[in-house]
Every structure is written in C-alpha cells, then in structure tokens.
Amino acid sequence: MTRSNAPTETDVGFAADCNLKRSKMHYMKSFFKRISKDFKQKELLPLKLLFFVHASTLFVLYPYLTIHMRELGINVEETAIMSAVTPVVAIIMPPLAGMVADRIGNFRILLSIFSALGGGASLLLLLVPVGRVTITYPEKVIFHMGCKQNGFIELANTENEPCNYVSPLLNGGKQWWEQVYEACGFLCHQYVGGQIYPVLPEKYGDDNISYVLTRTKNYDIIITDNITNTFSYSLTSEQMPQEILEKPKDDLRNHLKLKSNEFYRTSVRMISNDSYFFPTTGLYNFSCQLLNSTLSTKYHCRFGDGLNIEEGVSKIQTVRKQFTTTLFLSGNNNVFLASTISNWTNNNNVNYNSTCEDTFLQKKQNVSISVPVGDRIMQLSSCTTRCLLTTPRKEVCSNLEVDEEFDVSLTFWSYLVIRVFIGMIGGTAFAMFEGAVIAILREQNADYGLQRIYATIGGMISSPLSGLLIDYASKGKGYTDF
C-alpha cells in the first residue's frame, strides 16, 4: 500500500490562515513604519500640531451645539432651519475668501485673522438669552386640613403653583386620593380688623412681614381659657429649607424643577396673603377612630387628640401616617370636603363616612402666636387647628409641567446670526488651512493622510474632555452649564 503525499483540505486551510495572518502583520508593520518615518520629519511637526489643535477646537464645540440649543429652548423646527442654513454659508464663503486672499497677496495674515475670529465668534453663543423653558411642578401637592363647624373635614391647597384638577372633580364627582399626614399646627391671620397688632414701623410692609415670618426661628404658642399657657418653639438652621435661608439664584434655569418646602414640622409657611401656618409638633395630634353603632360605622377624627397642657410639648409625637380619602369640591375651586376615609386603621381598606371635632373649640380655648419682629413682638390671633397632608401631584392635577416662553424671536434670530457668522469664519478658515497644508505637503513630498491622523486624535481627546468639563460645571444645577 502506497501513502499519498498530496495535501489535505485541512492542510490547505491551515496554510491559508497562516498566510493571512502574515499579511496582516506585514500590513500593520508597514503602516506603523510609515507613521514613525513621517513623525521623524521635523519640518512636518508644526503641521501635525496645527492639525491636532485645529480639530480639537472644532470638536470641543460642535458635538454639543444641539444640546446647547435645547437648553436655550430652541425647538426641533428651529434647529432644522439652522442646520439647513449654515452649510450653505460654509459652501459660499471659501471661494470668496480665496479671491480676497489672491487680491491681498498675503495668505498667512488672512488665515491668522479668520482663525482668531473663529475662536472669538464661538464665545458669542454664550450671550444668547433663554427663549423658552419647561418648568416641572413639585411631585407633591400640600394641603392644609381642618374641621368645619358642621363636622366635615375640610382640605385646601397650600401651593402657589396652579393646579388644573383632574376631570372627575371638575365635573362634580368624587376622587380617591392617597394622602400622607405630615404635621399639625395652627393657621393664624396677620390682620385683625384691618390692623396689625402691634402697629409696626413702615419698613415692615406686607412683603417684608411675610419675609420675616417665614424665616423666623422663634415663636410662642399662647393658649388661653381660664389660665394662659405659653409654649416656646426654637428652630435651628438645619430645621429650615436652605432656599429660604439662602439668597435666591438669579438664573431662571436653576428653578426648572420646582420643589416643595418639605420641612413640614419645623418651618413656618405662608398659606395666603394674610395667613401663616405655624407647626407645633408635640403639642397636639390628629387621629381618627372607627366607631361602630347599630345604625352605621364611621371614622370620627379629632384635632387636638392627646392634648395635655400639663405634660408639655415633649410628650406628644406626631406620627407620619398614610391613608386614603374620598374628596369633592365644595364650591370653592381650592377647597375640598372629605366624605369618606379608609386605611386609617391597619388592614382596613373599607371606606367609611367621616366626621371631625376640634378639641380647642370644644374647650373654648383661644390660641394666638407671638413672633419677634425686630425690636417688637407681632401678635397673630384668630388661630385655628390645621394639619398638613401631602398627595402625589399626578393624582390631583392634570398639569405636571408648564412651558414658559420669553422672547423666542430674539433667541432664534440671535442664535442663527451667530451660527451663520461662525459658519462663515470657520468654513473659510478651514478651507484656507487645507489649501496651505496641501501646498506644504507638496513641497515636502509627504502624505496628507498621515497628517490627518493627528486631527482625528485631537477630536478623540477634546470631545470627551469637554463633555466632562460641562458635566463638572453643571453639577448641582438644574440645567447644562456651558
């Protein structure tokens, strides 16, 4: 038997793979050899540096122009118009600049002027004003809850932001809301009979008084029946929202996402033009009890539950609690009445009718609050018990955000003019730069593609680096800071 020396299919395939790998290695070696040889030409080093810097300056800006336009409120249609106009200018300008350069006869000066103008023109984009913004309302709506004389639980919206209530309420129907009981206190009025007691100096106008009251850290609760009891509250800066303590920021874009004052138990808040809520955590509580009778089962809620003046404010703690209420509008667009309550007691999700009582009214106790204002004491009377509740905004309001427009035309046209100017300068400078590069490469008998590599490297480095710088500058802000 003779043995065949002909190569098998496996041997042929193996040899082909080896040849392919050798050809790839040879190609890579020759490629890097060309780059190394080109890099050793000292005459071309300034050209490589110029390519690197020129591409870096372009890729620092252009990848983020769309984001910048979005931050200024320029919409999709307006962005499309700019993207259509600027390339036309970039096409027309280079031939015209070439004709001017031929007439002047000094190519280098014209190229230097256009390159310098290109950098300065890009900074003009920072001068374009904001045209429109989308403002997001707080995620929660805050209600203050009290007890009407007829025994109905009454709720009113405390927020300044407009709320378009969901359709069932507007049509006279009822709506279930998941609510969280946050804190209790007193709602007091600034004016009594048209006067402020005591009369304050003129420097304390309505705005200044509200400014002082909402930032006060000390106030006294005065409860009077047969005897007078005073409870003092002192707050620290940590117990108050920072936006109240700090000066407001001027840039509107810092307020694109509105936030509620969530210091329910510690900060005084303005409810209306002449009324303020003073939290009194620890003084009294709000609770509901399920009462069973032969006729009906209902929740009976008490404002002032656990009140014991002799024990003092440290003995009673407000417990944050989640429950469900069925509400309907009472005729006033901002006031609701609760018809039923559920989930107040554990594992009881059945709706029961609700009634309420105010312990302070039953005991005929008058409540007033004194607040130090400068060198005087301001007395607020006509105080009634109120508790704060929060509800997810999406359950209450149909408007979760609002688009606010300013001078949109000014934003659009100023941005378009600057972009056109940048296109004129940038397109001309780039065309002249490319022409100068080709002329130099012809003299040196060098390869254009090998020089262009350094432009690509410049863009690869500058673009992510500028993105990191933008993220760093925007940290803690509600917008992208360019």
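Worth saying up front: this structure is predicted, and the values here are computed from it rather than measured.

K.L.:
Before we move on, can you summarise the overall build of the protein with the specific residues and values?
P.N.:
Along the backbone of the protein there are twelve helices and 16 strands. In the protein, which comprises 482 residues, the proportion classed as buried is 42%. Here the contacts in the protein between residues at least 6 apart in sequence split such that 74% fall between residues at least 24 apart. Element-wise, carbon and sulfur atoms account for 57% of the exposed surface of the protein, whose accessible area totals about 27,900 Å².

K.L.:
Report on the pattern of salt bridges, specifying residues and quantitative values.
P.N.:
Taken as a whole and assessed by the stated rule, the structure comprises five salt bridges. Ionic pairing is found between Glu71 and Arg70, a salt bridge with its closest N-O pair at 3.4 Å. Assessed through its relative accessible area of 54%, Arg70 is described here as exposed. Several salt bridges share partner residues, and in doing so they unite Glu78, Arg132 and Glu405 into one network.

K.L.:
I'd like a description of the state of the cysteines, backed by residues and values.
P.N.:
A full pass over the atoms with the stated rule returns five disulfides. Two residues, Cys147 and Cys356, share a disulfide whose sulfurs are 2.1 Å apart. On the S-S bond that ties Cys147 to Cys356, the torsion sits near 95°, and the link is right-handed. With a gap of 209 residues between them, Cys147 in strand β2 (residues 140-147) and Cys356 in strand β13 (residues 352-358) connect regions that are remote in the sequence.

K.L.:
Residues and numbers for the UniProt feature "transmembrane region" (unreviewed entry) in the protein, please.
P.N.:
When the UniProt feature table is mapped to this numbering, "transmembrane region" (unreviewed entry) covers residues 49-67, 79-97, 109-130, 412-441 and 453-473. The span residues 109-130 is 68% helical and 0% strand by assignment, and the distance between its end C-alpha atoms comes to 37 Å.

K.L.:
Provide a residue-level description of the packing of aromatic side chains, including the pertinent values.
P.N.:
Under the defined criterion, the tally for this structure stands at 13 aromatic pairs. Relative to Phe336, the ring of Phe143 lies with its centre 5.9 Å away and its plane at 80°, an arrangement referred to as edge-to-face. Of this pair, Phe143 sits in strand β2 while Phe336 is found in strand β12 (residues 335-342), placing the two residues 193 residues apart along the sequence. The same class applies to Phe143 and to Phe336, which are both buried. Between the aromatic rings of Phe412 and Trp413, the centroid separation amounts to 5.1 Å while the plane-to-plane angle is 75°, which identifies the pairing as edge-to-face. Here a set of aromatic residues connected by ring pairs shows up, and it is made of Phe143, Tyr165, Trp177 and Phe336.

K.L.:
Before we move on, could you go through the nonpolar core and cite the residues and values that matter?
P.N.:
Ranked by internal contacts, the top residues of the largest apolar core, which has 54 residues, are Phe186, Ile221 and Phe286. Residue contacts for Phe286: discarding those within four places in its chain leaves Met145, Tyr181, Cys184, Cys301, Arg302, Phe303, Trp344 and Cys387.

Calculation criteria
Residues numbered from 1 in each chain as written. Predicted model: local features only at pLDDT ≥ 70, side-chain atom pairs only at ≥ 80, totals over all residues. Heavy atoms only, no water. Helix = DSSP H or I, 4+ residues; strand = E, 2+ residues; numbered from the N terminus. Buried < 20%, exposed > 50% of the residue type's maximum accessible area, 1.4 Å probe, protein only. Contact = heavy atoms within 4.5 Å. Areas by Shrake-Rupley, 256 points an atom, 1.4 Å probe, with all protein chains shown as cover. Salt bridge = Lys/Arg side-chain N within 4 Å of Asp/Glu carboxyl O. Disulfide = S-S within 2.5 Å. UniProt positions renumbered as here; feature names shortened; annotations may be inferred. Phe/Tyr/Trp six-rings, centres within 6.5 Å; stacked < 30°, edge-to-face > 60°. Core = buried A, V, L, I, M, F, W, Y, C linked by side-chain atoms within 4.5 Å.

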